[in-house]
Structure formats: structure tokens, C-alpha cells
Amino acid sequence: MTKPTIGFIGLGLMGSAMVSRLQDLGYQVTVTANRSRPNIDAAVARGATEVDTARDVASASDIVMLCMDTSASVEARMTGADGVIAGLQSGAVVIDFGTSLPGSTRALAEKVAAASGTMLDGPLGRTPQQAYDGKLNIMASGDKAAFDKIKPVLDDLGENVFHLGAVGSGHTIKLMNNFFGMTVANAMGEVFAMSDVAGVDRQQVFDVIAAGPLKSMMMDLVKGYAIDGNPDMLAFSIGNAAKDLGYYDQMAKDAGTESALVGGPLNAMKSAKDAGHGDEMVSQMVDFYSKMFGQN
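Residues numbered from 1 in each chain as written. Predicted model: local features only at pLDDT ≥ 70, side-chain atom pairs only at ≥ 80, totals over all residues. Heavy atoms only, no water.

*Asks:* Just give me the short version of the overall build of the protein chain, but keep the residues and values in it.
*Replies:* Helices and strands together make up the secondary structure of the protein chain, namely 14 helices and nine strands. What you see for the protein chain is a C-alpha radius of gyration of 20 Å, in line with the 19 Å of a compact globule of 296 residues. C-alpha atoms of the protein chain, sized along the principal axes, occupy 65 × 45 × 35 Å. In the protein chain, 65% of the contacts between residues at least 6 apart in sequence involve partners at least 24 apart. Taken as a whole, the protein chain presents about 13,200 Å² of accessible surface, with 53% of it coming from carbon and sulfur. Computing the positive centroid from 23 side-chain charges and the negative centroid from 33, the protein chain places the two 3 Å apart. (Helix = DSSP H or I, 4+ residues; strand = E, 2+ residues; numbered from the N terminus. Rg over C-alpha atoms; globule rule 2.2 N^0.38 Å. Contact = heavy atoms within 4.5 Å. Areas by Shrake-Rupley, 256 points an atom, 1.4 Å probe, with all protein chains shown as cover. Lys, Arg positive; Asp, Glu negative; His and termini not counted. Charge placed at Lys NZ, Arg CZ, Asp CG, Glu CD.)

Printed below as a string of C-alpha cells:
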């Protein structure tokens with residue numbers, strides 16, 4: 001069976017790994033430059049076709065994939081005279097793999113439908129290294145027939161591929177997941193910093209907590225830096241985490257309510273980002289808390 005043609009926009013760390021995986025499996029991929037050249041050049045060297053605009057990407061593709069940093073970036077690439085929607089083939093499927101605002105996703109899906117296509121959201125779990133191996137978690141949602149149509153491609157990219165309901169549901173659940181994870185990570189980071197204030201050993205604090213029901217992988221990832229000195233065990237930047245928590249906060253407000261808990265980790269991570277730590281990893285928030293407590 002002939003493989004569908006793929007258009008891919010957003011070849012950052014995750015996107016470039018996904019494109020590499022698709023190329024390994026023989027998919028024809030069309031790309032356009034977004035921010036920097038190296039990953040585009042690497043994809044082209046391996047056989048990808050580079051075009052000038054997102055519209056050109058869509059014109060050449062059965063499936064258009066986006067892996068962008070913000071909802072604003074997705075909207076900019078989707079709309080306008082040179083956007084994906086303007087070049088969309090009839091019956092094409094668009095899928096947003098980034099972490100976006102559900103309301104934005106639903107609004108874009110309506111515009112894609114008006115252009116005779118279908119838009120899905122499919123935020124990702126796991127790391128770029130796992131993307132190279134086709135081992136991502138993909139939290140897809142939207143029209144079930146369109147999901148079924150592209151599921152063989154998603155199965156080539158992901159080990160666990162979920163269909164989570166109406167369009168926007170994947171982004172909703174991803175924001176809930178990241179809110180929970182970043183709340184735990186910040187709590188653990190503060191606990192390690194408070195250990196220094198209180199004059200108790202970080203390792204002993206970790207051992208006691210880990211022996212009880214609070215034990216989690218997130219604890220291990222934060223410990224990876226706070227005790228073992230390796231920030232890359234939790235390879236997620238403070239800046240990206242702050243963005244996702246802000247989206248969770250906005251999602252709650254869009255639903256007519258307020259989060260009771262997001263303010264603590266959101267404000268802390270925004271403050272760390274504003275202080276120049278946005279490119280550091282989430283586990284390094286322990287240093288921010290230590291400084292806050294006057295420890296360094």
C-alpha cells in the first residue's frame with residue numbers, strides 16, 4: 001500500500017526526531033523552515049523536500065503535522081494567505097503535536113473543516129530520543145474516522161496511541177498531565193531546598209518520602225539533579241513548563257472557573273524564567289528555591 005505523503009512544520013528537537021523516524025520508514029516528507037536551518041538541512045539531506053511556505057507544505061501532503069512551541073505559532077502557520085489552510089487538499093488531515101490551548105485548537109478545527117479537511121490534536125509524551133525509536137505517547141483527539149485513517153502513521157511514531165474524544169480533548173488532558181507533573185516537580189524541588197534550610201540531608205529526606213505512598217518517577221527525575229547533579233534526567237525546560245502551566249490556567253478560565261493550585265508553581269516558574277533561567281531544566285528549580293531561601 002502506498003504510504004501517505006507527510007508535511008511537517010516545526011523541526012525542533014522533537015519534530016526533527018519524528019521526521020527522522022518517518023524517513024527511516026520510507027515516508028515522503030515535505031518541510032519548510034521555521035526558526036533555524038540545521039534540522040531542515042539534515043532532513044533535506046535524507047530526502048525531504050523543502051518548500052517556501054506552510055501553504056506549499058499542505059499542497060504537497062495527505063497529512064500535515066505541526067510540532068510548534070505555542071498556540072500562537074500554530075495559528076500563524078495555519079492561517080493567512082501562506083498558511084496551511086490556504087493550501088489544504090480536500091480530505092487532508094492536520095494534526096497538532098504541540099501543547100496548545102484547547103480553545104485555539106477547536107477554533108482552528110472549524111476553519112480546517114470549512115476547507116474540506118479535518119484537524120486533530122495529538123500532544124506528545126516522552127522524549128526526542130524515544131521519538132527516534134517510534135516510542136512516543138500520542139494523546140490524539142478529534143474526528144474518529146480521520147483518526148482511524150492516519151492511525152497506521154501514528155502507530156509508526158508512537159508506542160501508546162490514544163483516541164481521547166472530541167477535538168481539543170488531547171490538549172486538555174495534556175495540560176492536566178503537565179499541571180500535575182509540574183506541581184509535583186516544584187513541590188519536590190522546594191522540599192530539597194527546604195532540607196538545606198532546616199539542616200537535614202537531602203538524600204535522607206528523599207529516602208523517607210520514597211518509602212511511602214508519595215513515591216513516583218517524577219521524584220526520581222527531580223532527585224536526578226537535586227542530589228545526583230544531572231539536570232537532563234528531566235529534559236523539560238523551565239520556560240516550556242511555565243508556558244504549559246499558563247495554558248492550564250487559561251484553560252480553566254476559558255471554562256468559567258479558576259484553578260485552586262496552579263498559582264504556586266506557575267508564579268515560581270515565571271519568576272525563574274524572568275530571572276534568566278528559562279532554558280534550564282525543571283529539576284533545576286531547586287536552585288531557584290534555594291536562592292529564594294537565601295541558601296546561595
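After that view, the rundown keeps rolling.
*Asks:* Mind laying out unusual backbone geometry, listing which residues take part and the relevant values?
*Replies:* At Ser116, a residue that is not glycine, the phi angle is positive and equals roughly 70°. Tracing the chain through its elements places Ser116 in the loop between helix H6 (102-114) and strand S6 (118-121). Judged by its relative accessible area of 43%, Ser116 is partly exposed. Within the chain, Arg126 stands out as a residue other than glycine whose phi angle is a positive 90°. Looking at where Arg126 falls in the secondary structure, it is placed in the loop between strand S7 (124-125) and helix H7 (128-132). (Buried < 20%, exposed > 50% of the residue type's maximum accessible area, 1.4 Å probe, protein only.)

*Asks:* Describe in detail the layout of surface pockets, supporting the description with residues and values.
*Replies:* When its volume is computed, the largest pocket comes out at roughly 1,800 Å³. If you trace the largest pocket, you find 50 residues lining it, with Met14, Arg126, Lys174, Ala235 and Phe236 closest to the centre. With seven residues, helix H9 (residues 169-198) is the largest single contributor of residues to the lining of the largest pocket. When grouped by side-chain class, the residues that make up the lining of the largest pocket number 22 nonpolar, 20 polar and eight charged. Put simply, the second largest pocket is a space of about 240 Å³. Top contributing element to the lining of the second largest pocket by residue count: helix H8 (residues 144-157), with four residues. Taken together, the residues that form the lining of the second largest pocket break down as eight nonpolar, five polar and three charged. (1 Å grid on protein atoms, 1.4 Å probe; cavity = no way out; pocket = protein on both sides within 12 Å on 5 of 7 lines; lining within 4 Å. Points joined across faces, edges and corners; volume = space filled by probe spheres on them. Nonpolar A, V, L, I, M, F, W, Y, C, P; charged D, E, K, R; others polar.)

*Asks:* I'd like a rundown of the sheet that holds strand S8 (residues 136-140), residues and numbers included.
*Replies:* The strand order across the open sheet built from three strands is S7-S8-S9, with neighbouring strands paired in mixed fashion. Because the sheet does not close on itself, it has two edges, and the strands there are S7 and strand S9 (158-163). Bridging between S7 and S8 involves two bridges; their strand directions are antiparallel. Paired with Leu124 across the bridge in S8 is Ile138. (Pairing = 2+ DSSP bridges.)

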